[in-house]
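Residue-level listing of the chains:
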Amino acid sequence: MDGYLGVIVIVVLVALVAAGGLFLLFRPGGKAAPPPVKPPEAPPLPEEPEKRPASADEAEGATTTLPPPAKPAEPAVVAPPVEVPPPSEGRMVRLRSRLARSQSALGRGLLELLSRDRLDDEVWDEIEERLITADVGVAPTQVMVEELRTKVKVLGSRSPQEVRALLREQLLIQVNPDLDRTLHTAKHGERPAVVLVVGVNGTGKTTTTGKLARSLVGDGKKVVLGAADTFRAAAADQLQTWGDRVGADVVRGPEGGDPASVAFDATARGIEEQADVVIVDTAGRLHTKTGLMDELGKVKRVIEKKATVDEVLLVLDATTGQNGMRQAQVFAEVVNITGIALTKLDGTAKGGIVISVQRELGVPVKLVGLGEGPDDLAPFDPEVFVDAILGD
């Protein structure tokens with residue numbers, strides 16, 4: 001029995017020793033622990049290009065991305081030089097030859113008829129016909145013929161000089177040199193003078209506005225232009241060109257916009273810039289459209305909220321002759337016309353229109369267009385006009 005107990009004790013001790021050895025063998029951090037499994041190696045990364053040392057700018061955060069190639073510099077837009085136009089004084093004298101070339105046929109014909117030895121009824125009828133054909137008008141023609149017949153009877157025999165003096169006298173009476181042809185462009189204290197330019201399409205209204213601006217700048221005045229013809233696409237651009245050439249500001253609005261608004265803004269600009277004159281170019285209205293004519297009256301009323309309208313110039317094409325008289329009459333009913341600007345008087349015009357339009361409207365011809373050049377608009381001079389008709 002005791003032998004069995006001894007064996008049991010020995011077995012237990014062996015078991016305890018074996019258990020202790022296993023604990024020491026497999027405890028964490030033990031030297032006998034198996035080595036960890038090595039993970040598979042990753043493929044090598046491509047080599048980066050060698051970087052150059054960063055510059056001072058790059059060190060402060062500047063990007064290393066190369067900038068896009070620079071665009072070639074666009075050529076600078078050079079404004080056209082501002083022109084200095086000649087003054088308006090004496091222009092008609094300088095342009096007299098152009099007027100004489102187109103009008104002297106009338107004078108020569110009348111002088112030839114009046115120089116005949118015998119002036120019977122047939123000759124007087126021919127004189128009357130020539131005057132009417134020259135757009136003098138029926139009533140003025142009858143007055144002239146009666147006066148000439150009376151003077152001829154008194155003179156009896158007539159030399160060429162006497163005939164010329166006689167005809168010159170009668171033409172001057174009809175042209176009426178006593179009319180006030182002053183263009184009212186004097187400034188009113190702090191407010192500029194305002195000139196309203198009206199007329200139907202095709203008469204040269206916008207061109208006349210531009211030429212008038214040149215003339216006034218040549219006389220030393222500061223001018224603002226109002227492009228109130230918003231219905232014709234090219235009108236504002238055309239006026240802008242005229243203004244740019246002489247350094248005059250141009251006020252314009254959107255195409256098809258309110259003309260009265262443009263006229264008001266132009267007047268306000270003229271006051272703000274202390275200009276001497278504001279010239280407003282209106283739409284080339286057809287006199288058969290009542291609504292458009294009413295709008296012209298509105299333009300004038302709106303301007304008068306800021307300043308006085310000193311001049312209302314009606315532009316007429318002298319080549320239309322008596323057809324232009326109806327235009328003149330309708331415009332005179334809408335706005336108070338103060339003067340006439342006759343264009344194309346150097347062409348195929350019949351100079352008698354000067355007499356008839358003044359007689360019908362009771363207002364003077366103040367300006368005449370005698371060519372296509374920018375400085376061919378001249379203040380009307382009755383004596384130069386009559387002398388050009390009669391020739392030297």
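Everything quoted here is computed from the prediction, not taken from an experiment.

Here we come to the pattern of salt bridges. Throughout the structure, instances matching the rule amount to 18 salt bridges. The residue R168 makes a salt bridge to D387 at a minimum N-O spacing of 2.6 Å. Placement of R168 in helix α7 (residues 160-175) and of D387 in helix α14 (residues 382-390) is noted, with a sequence separation of 219 residues between them. The residue R232 makes a salt bridge to D229 at a minimum N-O spacing of 3.7 Å. Counted as one network, the salt bridges with shared partners bring together E83, R91, R214, R245 and D375.

Turning our attention to the pairing of strand β1 (residues 193-198). The element β1 is largely enclosed, with a buried count of six among its six residues. Summarising the sheet, β1 and strand β5 (residues 309-317) pair through five bridges and their orientation is parallel. Directly across from V195, in β5, lies its bridge partner E311.

So, on to α7. Its 16 residues place the ends of α7 22 Å apart at the C-alpha level, agreeing with the 22 Å of an ideal helix rising 1.5 Å per residue. Buried within α7 we find V163, L166, L167, Q170, L171, L172, Q174 and V175. Looking at the packing, one finds that the buried side of α7 touches α4 (96-114), α6 (138-155), α13 (353-361) and α14. With its phi angle positive at about 65 degrees, N176 sits one or two positions after the end of α7.

Thresholds, definitions, all that
Residues numbered from 1 in each chain as written. Predicted model: local features only at pLDDT ≥ 70, side-chain atom pairs only at ≥ 80, totals over all residues. Heavy atoms only, no water. Salt bridge = Lys/Arg side-chain N within 4 Å of Asp/Glu carboxyl O. Helix = DSSP H or I, 4+ residues; strand = E, 2+ residues; numbered from the N terminus. Buried < 20%, exposed > 50% of the residue type's maximum accessible area, 1.4 Å probe, protein only. Pairing = 2+ DSSP bridges. Expected span 1.5 Å × (residues − 1). Contact = heavy atoms within 4.5 Å.

That's the geometry; what it means functionally is another story.
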